[in-house]
Amino acid sequence: MTDNEKLDLILSRLDSIETEMQGMKQKIDRMSSGQLEIKKEMLMLNRQISDTYNVALDALGTNTQNRTWLEKGALV
């Protein structure tokens, strides 16, 4: 095998490695984008959970307050 043939093989391999690296970079970019979407969804879920908790807490407070009024005869 001549030196030129060896160099052609090396260049060919380097080109294929470069192509693989570009593909990997695209996959990484897509993963980063996906992670941002997941983070946004997690923040939305966190807000919804917090809102639900606050509504439940308000309902519990109202229930307790109504029970107290009923026991004291304030509503009767």
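The structure under discussion appears in the preceding block.
These lines cover the structure that appears in this document, whether it is placed above or below. (Residues numbered from 1 in each chain as written. Predicted model: local features only at pLDDT ≥ 70, side-chain atom pairs only at ≥ 80, totals over all residues. Heavy atoms only, no water.)

1. Observations regarding the overall build of the protein
So, point 1. The helix and strand tally for the protein stands at 1 helix and 0 strands.
So, point 2. In terms of C-alpha radius of gyration, the protein reaches 32 Å, well past the compact-globule figure of 11 Å for 76 residues.
So, point 3. Dimensions of the protein, computed from C-alpha atoms along their principal axes, come out at roughly 105 × 15 × 5 Å.
So, point 4. Counting across all 76 residues of the protein, residues that qualify as buried make up 0%.
So, point 5. Accessible area of the protein: about 7300 Å², with a carbon and sulfur share of 60%.
So, point 6. A distance of 10 Å separates the average location of the 10 positive side-chain charges in the protein from that of its 12 negative side-chain charges. (Helix = DSSP H or I, 4+ residues; strand = E, 2+ residues; numbered from the N terminus. Rg over C-alpha atoms; globule rule 2.2 N^0.38 Å. Buried < 20%, exposed > 50% of the residue type's maximum accessible area, 1.4 Å probe, protein only. Areas by Shrake-Rupley, 256 points an atom, 1.4 Å probe, with all protein chains shown as cover. Lys, Arg positive; Asp, Glu negative; His and termini not counted. Charge placed at Lys NZ, Arg CZ, Asp CG, Glu CD.)

2. Considerations on the pattern of salt bridges
So, point 1. Overall, the coordinates contain 3 salt bridges when judged by the stated rule.
So, point 2. Ionic pairing is found between Arg 13 and Glu 20, a salt bridge with its closest N-O pair at 4.0 Å.
So, point 3. Judged by its relative accessible area of 47%, Glu 20 is partly exposed.
So, point 4. Residue Asp 29 pairs with Lys 25 through a salt bridge whose shortest N-O separation is 3.3 Å. On the criterion of helical spacing, the pair formed by Asp 29 and Lys 25 is a turn pair, its members being 4 residues apart in helix 1 (residues 3–72). (Salt bridge = Lys/Arg side-chain N within 4 Å of Asp/Glu carboxyl O.)

3. Looking at the environment of Ser 12
So, point 1. By the secondary structure assignment, Ser 12 is in helix 1.
So, point 2. For the pair Ser 12 and Ile 38, spaced 26 residues apart in sequence, the C-alpha separation works out to 39 Å.

4. Some remarks on helix 1
So, point 1. Given a rise of 1.5 Å per residue, 70 residues ought to cover 104 Å, and the 102 Å separating the end C-alpha atoms of helix 1 matches this to within 8%.
So, point 2. One or two steps after helix 1, the chain reaches Gly 73, where phi turns positive at roughly 80 degrees. (Expected span 1.5 Å × (residues − 1).)

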